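# Inside the fold
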Amino acid sequence: MDRKSITRFKTSLESRHRELRLSVVQTQKEMLTAQHDYGKDEGDRANTSLAKEMQLGHRSRDRALLGAVDAALKRISDGTFGECLNCGQEINGKRLEALPWVRYCITCQELIDGIVRLS
């Protein structure tokens with residue numbers, strides 16, 4: 001992969017990293033400032049509980065994605081960005097454009113997904 005493409009991916013990943021960190025921090029603040037109101041009726045408590053579960057899901061998803069973005073930035077530093085972690089072949093450029101933090105080529109990802117489904 002050429003240096004210009006690597007720089008473009010690095011800039012994109014760094015931007016995504018900042019967005020995700022802000023999102024995680026914001027969600028943590030919202031969860032800390034959420035007040036328990038036991039005077040609400042059962043429906044209100046159920047809605048509050050659902051909202052908290054959704055926030056936890058978003059935070060979990062954002063943290064996982066943040067880890068994937070961190071790993072991609074590390075691969076850029078190591079000089080292995082764009083290589084499949086399984087087979088070592090170059091990952092298709094269009095796949096990287098869509099998901100710059102992707103770790104596997106499409107063939108290996110399909111194999112991994114197939115194994116997970118069989119489990």
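Described below are features of the structure shown in this document. Please read all numbers here as calculations on a predicted model, not as lab measurements.

### What about the side chain of Arg95?
Within the fold, Arg95 resides in helix α3 (residues 93-98). Of the side chains with opposite charge, Asp113 lies nearest to the buried Arg95, which makes no salt bridge, at 7.0 Å. Looking at Arg95, its side chain comes within polar contact range of the main-chain oxygen of Tyr104, at 2.9 Å. Setting aside chain neighbours within four positions, we find Arg95 in contact with Val102, Tyr104, Cys105, Ile106 and Gln109.

### Details of the environment of Arg59
The topology assignment puts Arg59 in helix α2 (residues 42-78). Expressed as a C-alpha distance, the spacing of Arg59 and Leu111, which sit 52 residues apart in the sequence, is 28 Å. Setting aside its immediate chain neighbours within four residues, Arg59 contacts Thr27 and Gln28.

### A few points about the pattern of salt bridges
With the rule as written, the count across this model stands at four salt bridges. Across the salt bridge formed by Asp78 and Lys74, the nearest N and O atoms sit 3.1 Å from each other. In this pair, Asp78 and Lys74 both sit in helix α2, four residues apart, roughly one turn of the helix. With relative accessibility at 47%, the residue Asp78 sits in the partly exposed group. Residue classification places Lys74 among the exposed positions, given a relative accessible area of 52%.

### Quick look at helix α1 (residues 3-33)
Helix length check: α1, at 31 residues, gives a terminal C-alpha distance of 45 Å against a target of 45 Å (1.5 Å per residue), a fit within 8%. Listed as buried for α1 are Ser5, Phe9, Leu13, His17, Leu20, Val24 and Thr27. Buried residues along α1 sit in contact with α2 and α3. The N-cap of α1, judged by a side-chain oxygen 3.3 Å from the amide nitrogen of Lys4 a few residues on, is Asp2.

### Focus on α2
Across its 37 residues, α2 extends 54 Å between first and last C-alpha, which sits within 8% of the 54 Å expected from 1.5 Å per residue. Listing the buried residues of α2 in full gives Asp62, Leu65, Leu66, Val69, Ala72, Leu73, Arg75 and Ile76. Residues of α2 that are buried sit in contact with α1. For α2, the capping residue at the N-terminal end is Asp41, with a side-chain oxygen 3.1 Å from the backbone nitrogen of Gly43. Remark: Gly79 follows α2 within two positions and exhibits a positive phi of approximately 85°.

How each quantity is defined
Residues numbered from 1 in each chain as written. Predicted model: local features only at pLDDT ≥ 70, side-chain atom pairs only at ≥ 80, totals over all residues. Heavy atoms only, no water. Helix = DSSP H or I, 4+ residues; strand = E, 2+ residues; numbered from the N terminus. Buried < 20%, exposed > 50% of the residue type's maximum accessible area, 1.4 Å probe, protein only. Lys, Arg positive; Asp, Glu negative; His and termini not counted. Salt bridge = Lys/Arg side-chain N within 4 Å of Asp/Glu carboxyl O. Polar contact = N/O pair within 3.5 Å; in protein donor to acceptor, adjacent residues only side chain to side chain. Contact = heavy atoms within 4.5 Å. Expected span 1.5 Å × (residues − 1).

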